[in-house]
Amino acid sequence: MSKIIENKKQKKNAIFSSAYELFTTKGFDKTAINDIVKKAGVAKGTFYLYFRDKNQILDNIILKKSSVIIKEAFQETMDKEHENFIEAIIFFTNYTIEYLKDNIILLSLIYKNLSWGLYRKALSDPELSKDMDEIYRTFLGKLKDHNIPVEDVDKTLFLIIELVGSTCYSSIILKEPASIDEMKPILFNVIRKMLEQ
């Protein structure tokens, strides 16, 4: 890799890391682009070479951080033996919840975007699409094998992702209607019922 390309990559990574740190410590609304570039040690114009605005860098952060969670949960799920596919989904869900429970600052940043839309964006991102496509195809194949009608597979995956995302935010951040540990058994039963056709 040439020095110019490496330098550009380092600057983009510095901007990305600085924005993530500032968004999670000061908050998105209280962080200005000037704060990000100052922390990253780059000129303001450099920011605009990589990102249109503060919202675009937030979208990038959410996409990359969420993809890390999904990939890690998927790998852990695939590395373990499970009684059946439903229990593998429950393990995957529980792993994701525990990760977010231990990373409340990250959850507070990504909470509105832990959704089907995020997953679709990851599939279209060149850096993430290969891993996300593998995860997507694995889950789709297993859902089809589990006698979920082909036309309902995407919808079922959508419902699970949306249900888990909103439950995590409400129960971990807001502690409503109860703690996540109290909600998990109910959530897992709902997922089981969705998959037991």
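Residues numbered from 1 in each chain as written. Predicted model: local features only at pLDDT ≥ 70, side-chain atom pairs only at ≥ 80, totals over all residues. Heavy atoms only, no water.

### A word on the overall build of the protein
Line of reasoning, step 1. Counting its regular elements, the protein contains 10 helices and zero strands.
Line of reasoning, step 2. In sequence order, the protein lays out its α and β elements as α-α-α-α-α-α-α-α-α-α.
Line of reasoning, step 3. Across its three principal axes, the protein shows a C-alpha extent of roughly 55 × 40 × 30 Å.
Line of reasoning, step 4. When burial is assessed residue by residue, the protein has 41% of its 197 residues classed as buried.
Line of reasoning, step 5. Across the protein, the fraction of contacts at a sequence separation of at least 24, relative to all contacts at a separation of at least 6, is 63%. (Helix = DSSP H or I, 4+ residues; strand = E, 2+ residues; numbered from the N terminus. Buried < 20%, exposed > 50% of the residue type's maximum accessible area, 1.4 Å probe, protein only. Contact = heavy atoms within 4.5 Å.)

### Examining the confidence of the model for the protein
Line of reasoning, step 1. Averaged over all residues, the pLDDT of the protein equals 86, while 91% of them reach at least 70.
Line of reasoning, step 2. Confidence, expressed as mean pLDDT per element, reaches its minimum in the protein at helix H7 (residues 116–124) with 64 and its maximum at helix H2 (residues 33–40) with 96. (pLDDT = per-residue confidence, 0-100.)

### Section: the packing of helix H5 (residues 85–102) against helix H10 (residues 180–195)
Line of reasoning, step 1. Put simply, H5 and H10 touch, their axes get as near as 10 Å, and they point 150° apart. Taken together, H5 and H10 sit at an angle that is classed as roughly antiparallel. Note on packing geometry: the crossing formed by H5 with H10 is right-handed. Across the interface between the two elements, Ile 86, Glu 87, Ile 89, Ile 90, Thr 93, Asn 94, Ile 97, Glu 98 and Lys 101 of H5 pack against Ile 180, Asp 181, Lys 184, Leu 187, Phe 188, Ile 191, Arg 192 and Leu 195 of H10.
Line of reasoning, step 2. Residues that form the contact of H5 with H10 fall into these classes: nine nonpolar, two polar and six charged. (Axes fitted to C-alpha atoms, helices over the stretch in contact; angles between N-to-C directions. Parallel < 35°, antiparallel > 145°, perpendicular 65-115°, else oblique. Left-handed = near helix turned anticlockwise from the far one by under 90°. Nonpolar A, V, L, I, M, F, W, Y, C, P; charged D, E, K, R; others polar.)

### Regarding the pattern of salt bridges
Line of reasoning, step 1. Inspection of every chain in the model, using the stated rule, returns eight salt bridges.
Line of reasoning, step 2. Note that Glu 87 is salt-bridged to Arg 192, the shortest N-O span being 3.0 Å. Taken together, the residues span a long stretch of sequence, with Glu 87 in helix H5 and Arg 192 in helix H10 at a distance of 105 residues.
Line of reasoning, step 3. The exposure class of Glu 87 is partly exposed, given its relative accessible area of 24%. (Salt bridge = Lys/Arg side-chain N within 4 Å of Asp/Glu carboxyl O.)

### So, the side chain of Thr 96
Line of reasoning, step 1. With respect to the helices and strands, Thr 96 occurs in helix H5.
Line of reasoning, step 2. On the basis of relative accessibility, which here comes to 9%, the residue Thr 96 falls in the buried class.
Line of reasoning, step 3. Among the polar contacts made by the side chain of Thr 96, one reaches the main-chain carbonyl oxygen of Phe 92 at a distance of 2.9 Å.
Line of reasoning, step 4. Excluding residues within four positions of it along the chain, Thr 96 makes contact with Ile 69 and Ala 73. (Polar contact = N/O pair within 3.5 Å; in protein donor to acceptor, adjacent residues only side chain to side chain.)

### Notes on the packing of helix H1 (residues 3–25) against H2
Line of reasoning, step 1. Running from N to C, H1 and H2 point in directions that differ by 125°, and their axes come no closer than 8 Å. Considering the angle they form, H1 stands oblique to H2. The interaxial crossing formed by H1 with H2 has right-handed handedness. Across the interface between the two elements, Ala 14, Ile 15, Ser 18, Ala 19, Glu 21, Leu 22 and Phe 23 from H1 touch Asp 35, Ile 36, Lys 39 and Ala 40 from H2.
Line of reasoning, step 2. Of the residues belonging to the contact of H1 with H2, the class tally is seven nonpolar, one polar and three charged.

### Remarks on the side chain of Thr 93
Line of reasoning, step 1. Inspection of the secondary structure assignment puts Thr 93 in helix H5.
Line of reasoning, step 2. Excluding residues that lie within four positions of it along the chain, Thr 93 makes contacts with Val 164, Leu 187, Phe 188 and Ile 191.

### A word on the packing of aromatic side chains
Line of reasoning, step 1. If you walk through the whole model with that rule in mind, you get four aromatic pairs.
Line of reasoning, step 2. Here the aromatic rings of Phe 23 and Phe 28 are separated by 5.1 Å at their centres, their planes lie at 65°, and the arrangement is edge-to-face.
Line of reasoning, step 3. Here the aromatic rings of Phe 47 and Phe 51 are separated by 5.6 Å at their centres, their planes lie at 45°, and the arrangement is tilted. The burial state of Phe 47 is the same as that of Phe 51; both residues are buried.
Line of reasoning, step 4. Linked through ring pairs, Phe 47, Tyr 48 and Phe 51 together constitute an aromatic cluster.
Line of reasoning, step 5. Above the plane of the ring of Tyr 20 lies Lys 65, whose end atom (NZ or CZ) is 4.1 Å from the centre. (Phe/Tyr/Trp six-rings, centres within 6.5 Å; stacked < 30°, edge-to-face > 60°. Lys NZ or Arg CZ within 6 Å of the ring centre and 35° of its normal.)

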